[in-house]
Structure formats: C-alpha cells, structure tokens
Amino acid sequence: MNWTAVWSIYRFEMARFVRTLLQSLISPVISTSLYFVVFGAAIGSRIDEVEGVSYGAFIVPGLIMLTVMTQAISNASFGIYFPKFIGTIYELLSAPISFLEVILGYVGAAATKSLFIGLMILLTASFFVELEVQNWPAMLAFLVLTCTSFALFGFIIGIWASNFEQLQLVPLLVVTPLVFLGGSFYSISMLPEAWQTVALFNPVVYLVSGFRWSFFGMADVPVAVSLLAIAGFTLLCTLAVWWIFRTGWRIRS
Amino acid sequence: MPAMVEITNAEKTYKGGFQALKGVNLEIREGEILALLGPNGAGKTTLISTICGITMPTGGTIRVGGHDVVTEFRKARALIGLVPQELTLEPFETVWSAVRFSRGLFGAAPDEAYLDDLLKRLSLFDKKHSQLQELSGGMKRRVLIAKALSHDPKVLFLDEPTAGVDVELRRDMWEIVSALKETGVTIILTTHYIEEAEAMADRIGVISDGQLLLVEETASLMARLGKKEMRISLAEPLTEVPASVSDYELTLEEDGALLIYTYDTRAERTGIARLVAALAEAGVVISDVETRQSSLEDIFVGLVRKNDKEDAA
Ligand SMILES: Nc1ncnc2c1ncn2[C@@H]1O[C@H](COP(=O)(O)OP(=O)(O)OP(=O)(O)O)[C@@H](O)[C@H]1O
Ligand SMILES: [Mg+2]
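Keep in mind that this is a model prediction, so the values were computed, not measured. (Residues numbered from 1 in each chain as written. Chains lettered and ligands numbered in written order. Predicted model: local features only at pLDDT ≥ 70, side-chain atom pairs only at ≥ 80, totals over all residues. Heavy atoms only, no water.)

(A) Inspection of the packing of helix H3 (residues 95-105) of chain B against helix H4 (residues 112-121) of chain B at higher detail. All names here are of chain B. Direction vectors running N to C along H3 and H4 enclose 125°, while the axes themselves pass 11 Å from each other. When the axis of H3 is compared with that of H4, the two are oblique. Here the hand of the crossing between H3 and H4 comes out right-handed. Touching Val95, Trp96, Val99, Arg100 and Arg103 of H3 are Glu112, Tyr114, Leu115, Asp116 and Leu119, all from H4. Of the residues in the contact of H3 with H4, the class split is six nonpolar, no polar and four charged. (Axes fitted to C-alpha atoms, helices over the stretch in contact; angles between N-to-C directions. Helix = DSSP H or I, 4+ residues; strand = E, 2+ residues; numbered from the N terminus. Parallel < 35°, antiparallel > 145°, perpendicular 65-115°, else oblique. Left-handed = near helix turned anticlockwise from the far one by under 90°. Contact = heavy atoms within 4.5 Å. Nonpolar A, V, L, I, M, F, W, Y, C, P; charged D, E, K, R; others polar.)

Dropping the structure here:
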C-alpha cells in the first residue's frame, strides 16, 4: 500500500476543491435557502407540523441528504472522469500504485468534500429554523456512510462514462428522482397507502428516514433497517469497484 | 551487468483483435540512450505503454531493473519516468503542484530542494507558480519531463520528445537529454526523425509493423549498412565496364557517362587507389569524382521495404 500516493491524490483533489471553494459552496447553500423559502415558508405555513416537528425543521435532514448524495456522485465521477478525458490518467496508470490507492484518493476526497458541504447546509439551515440534533454520533455516522457510498457510486459512474452526457445521465435519470421521491420533503406516512408500498422499494427512503431519526427520533422505517440499507449499498458499490479493480474494466486497454 | 530493461517476446493484441506488437525482444543497457525509430503506427507508443503499465502485454515478459512489470509492478514502475507523446496536463494546476503531485504519486517523500533544482535544470523555475494553461508548448513539454523526473527515476521514456517543436527547442531537448545521460539515467526515446536518432542515441532500434527489425550501435549501424558510393564522371561515355576492372562492384549510369563504385567504408582496403589506377591503365579518362554516404534514412526505407517484400513472399 502506497500511502504517499493516496495522500498525493487526496491533497491534489482537495486543493481543487479549496481553490473553487466559493463556487463549490455557493450553489448548494443558495439552493438550500431557496428550498427553505419555498417549502419551509410557503408550504410550511400550511402544513405546520409533521409528527410533532415543525415542517421547516422536518425537511432539513432530507435536504442535506439530497445535496450530499448529488455532490458525492458528481465530485467523485468528475474527479476520475476528468483525467480520463484530458489524458492525464496515463500518470495514474504508470505509477507504482494499484487501483486501490486511486480509489482511496479520489473517493476519499469526494466524500470529504460532500461531507463538508453537508455540514455547511446544516449550518445554513440552523439560521432558518430551530434545529436540534438528538443523536450526533448517529447523525454523523449516517452522513459519513452516505458520503462514502455515494462517492463510490460516483466513482463507478466516472469510470463507466465515456462522454460528458453519460456522466450526467445516471445522476439525472436515477438519483434525482429517487431522492425527490425518497421522502425528503414529506413523511412516507403522508402518502396514499399504495404509494407507501412503492416507496419502500426506493433505497433513498431508508437513508433519509434513518438520517431524520438521528435528528428527531422519528422514522418512517426502523433505524436498524436504515442502517442495513446503507451498509448494503456501500457493500454493493465496494463489490462493483473491486470487480473493476480486478478486471481493469474501462481503465487499461 | 544485467540489462536495465529486458523485453522477451513481448506481444500486444488490442481488444479489437489488432496485434500491435508481434514478439519484440530487446535489452536496454543501463545508462544508454536508445532511440526507437519507426513510421506512424509502427508500435513505438504501444511498446512503451506495455513497459510502463499503461496497457498490459498479452504475451511475453518485460523486466525493468530486474523486476517483472506485471507481477512486481510496484518495484518496476518506481524506477520509471514517462513523458507521453501528447501534451496532457491539468490546465488549472500550477507547475509546482503538478510536479509535487507526480513525486507523491510515485511514493517518493516530499523534497522541495530536489524539485526546485529539477525545475532550474529544465529552465522552468521562474514559472514555478504559473498555471499550466499559460505555458507555451515547449514549456509544457518540459513540465512533462519534470513530472517524469520528479521521483528521480532510473529509466526515462520520452515518446516523441520533439514532435511539434521548432528547431531551436529541438536543440534544447537534445541538450536536456544528453545532460540527463550524464546523471546516469537510461533513456529510451521514440522519433520519426533519423537525424534525431543519429544525433542523440547510442543505439538505434528500428521498429515497423509491430516488429523490431534491428537494434544496433548508431555508429556501427551506419558503417554496416552505410555503404559509400564513389561516382566517377567520365570524359567519354563507356558502353560497358572494362574487363580489367570487372571484379569491382561497378555500375554504369547516365548512358555510360557515370561510373558508380559501391564500397564498404569499414573494409580495410576500399580499393579506390587500385581502381583508379586500373581505370587509367584501361584508358578511361576521369573528369570528376564525388563520394556519397547513404543516410540512415536510406537504410531505414530500405529495411522497411525489404520487410514488406518478405511479408508478401
Ligand atoms: N488502444 C488501442 N486500441 C486499438 N488499437 C490501438 C490502440 N492503440 C494503438 N493501436 C494501434 O496499434 C498500432 C500501433 O500504434 P502506436 O501508437 O503504438 O504506434 P506509434 O509507433 O507510436 O505511432 P506514431 O508514430 O504515430 O505515434 C496502430 O495501428 C494503432 O492504430
Ligand atoms: Mg506513438
């Protein structure tokens, strides 16, 4: 294991993030604020409470999840796609490192970035609504796991994509709908019964539910199930990455 | 001393089924400069790529510093620096962050003094904090060299270091390469230009159609294949070569006005004096004499043609 190389990749990627810190933060923070204005103020004034929590506070965990998932995917997929695109990947391929170092460096950096953005959103949200996190360790654990697993997922997309359209395709066609339908802005129990059953097939429901539980102590599905879901997703992505690693799929000709 | 790079029966068949390397055997000695010469699509880049880990060989074995490039890839690759054919750099990074990244990627501990010195040697020091997109093509090429040398490799691969570079920069590059040789680095470069191979390399390998046609000392290659011609202009045309000199390798051209004598520059006796004397004896009047050495280009073109003919046969 070449930790110097892992650190090099990680620092290189983080430097890019820091250089563009303002841009990286400004769009998620602005869009979160907009969500608060639209959902929190406009709709919230009609809904007032969901299971004892003010609607404004209720949507915070979902909003953080929404941003963190999209950020982790886009950061990780772009991070590995860009060297492929401009050709600098030759250096990763010729370095005395295995694919493992590459993954740790890129996925680690993307997860760190999205974790940071997630926490910034939490901070922004605390300006709009009164917010109390009941279980900090659980909250952070869910956040870190989500960042990591979705960064892994993004990494796979970045390896798979052979053009920019494909890079956008999966996040746009799969992730965004799943996240929006994943109970970010409502409790599953607010849906008609038939749709509640459908919702249970959406993996994002489990993540949002577990994450929300760490804030308010209430959940759509049992927390243990949420944990299993996120662990399962992480495992799935790890297996996929391991397979890519073994076969050199789409990396070495 | 074992070879720095040992290539045994290396083969590469790309996914589409195209065989770009057809069993290459080559030993590269420590500290030498080897030029790989060959036309477009000959397999030069492919050969370098399989040594450096960009692609995997589909047959044969390759060792660098005694380490197999597949099974002991960490040890092998730590010895290698690669300057690719294309100018591929992250546009928004600075020279400094680029070289520091490369050094770390190869597992070398940070060493600012070494990297500063490297940048000075490559006349890049005043550009240390410039963005890569602001540099000229020649500077970018030098940044790629700096990246390749950032971890102090033992073997350096330069894939067409002077492609798209003007005459002055080409001289620069030659100087950089010979200065590197002084430090003991083994250098393998590819080129389309024969003068370049001649000027820089200790040995030249000619590659065509995935096969290494020959590898030889630059000088001896010139001598072995570089036959010299003596072109003798005659005052009066001849209809045939005089019988008294029929032992010599002579041909008549330009309707008998030009007599061409082909001889080996390495032979102990070229036979020129005796030939001239014999011609005078036979009553042939010489008006002018000129000698010409065939260039590496002629040799190369000849070799490739010969190879094509053998393939066809
Ligand atoms: N990734 C690839 N997949 C399939 N075929 C390839 C690939 N890379 C190269 N080839 C083919 O292999 C052959 C050798 O290519 P290579 O790039 O090694 O040539 P080269 O000698 O470096 O040429 P040039 O002087 O133009 O750089 C070419 O016919 C090329 O089309
Ligand atoms: Mg090439």
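Read on for the rest.
(B) Structural view of the UniProt feature "transmembrane region" (unreviewed entry) in chain A. Residue and element names in this part refer to chain A. Summarizing the sequence annotation, UniProt attributes the feature "transmembrane region" (unreviewed entry) to residues 21-43, 55-82, 140-161, 167-186, 198-215 and 221-245 in the numbering used throughout. With 100% helix and 0% strand, residues 55-82 has its two end C-alpha atoms placed 40 Å apart. Annotated as 92% helix and 0% strand, the span residues 221-245 places its first and last C-alpha atoms 35 Å apart. (UniProt positions renumbered as here; feature names shortened; annotations may be inferred.)

(C) Quick look at the environment of isoleucine 89 of chain A. All names here are of chain A. Relative to the helices and strands, isoleucine 89 resides in helix H4 (residues 89-94). Taking the relative accessible area as the measure of exposure, isoleucine 89 reaches 15% and is therefore buried. Taking the C-alpha atoms as reference points, isoleucine 89 and tyrosine 35, separated by 54 residues in sequence, lie 38 Å from one another. What isoleucine 89 contacts, discounting residues up to four positions off in sequence, is Pro83 and Lys84. (Buried < 20%, exposed > 50% of the residue type's maximum accessible area, 1.4 Å probe, protein only.)

(D) Representation of the pattern of salt bridges in the model. Tallied over the entire structure, the rule returns 15 salt bridges over all chains. Put simply, aspartate 209 of chain B and lysine 22 of chain B hold a salt bridge, and the shortest N to O gap is 3.3 Å. Here lysine 22 of chain B lies in strand S2 (residues 19-28) and aspartate 209 of chain B lies in the loop between strand S9 (203-208) and strand S10 (211-217), a separation of 187 residues in the sequence. A relative accessible area of 33% means that lysine 22 of chain B is categorised as partly exposed. Linking aspartate 116 of chain B and lysine 128 of chain B is a salt bridge whose minimum nitrogen-to-oxygen distance equals 2.9 Å. Of this pair, aspartate 116 of chain B sits in helix H4 while lysine 128 of chain B sits in the loop between H4 and helix H5 (137-149), and the two are 12 residues apart along the sequence. The pair aspartate 116 of chain B / lysine 128 of chain B is uniform in exposure class, with both members buried. One network of salt bridges, in which partners are shared, links Glu13, Arg16 and Lys113 of chain A together with Glu90 of chain B. (Salt bridge = Lys/Arg side-chain N within 4 Å of Asp/Glu carboxyl O.)

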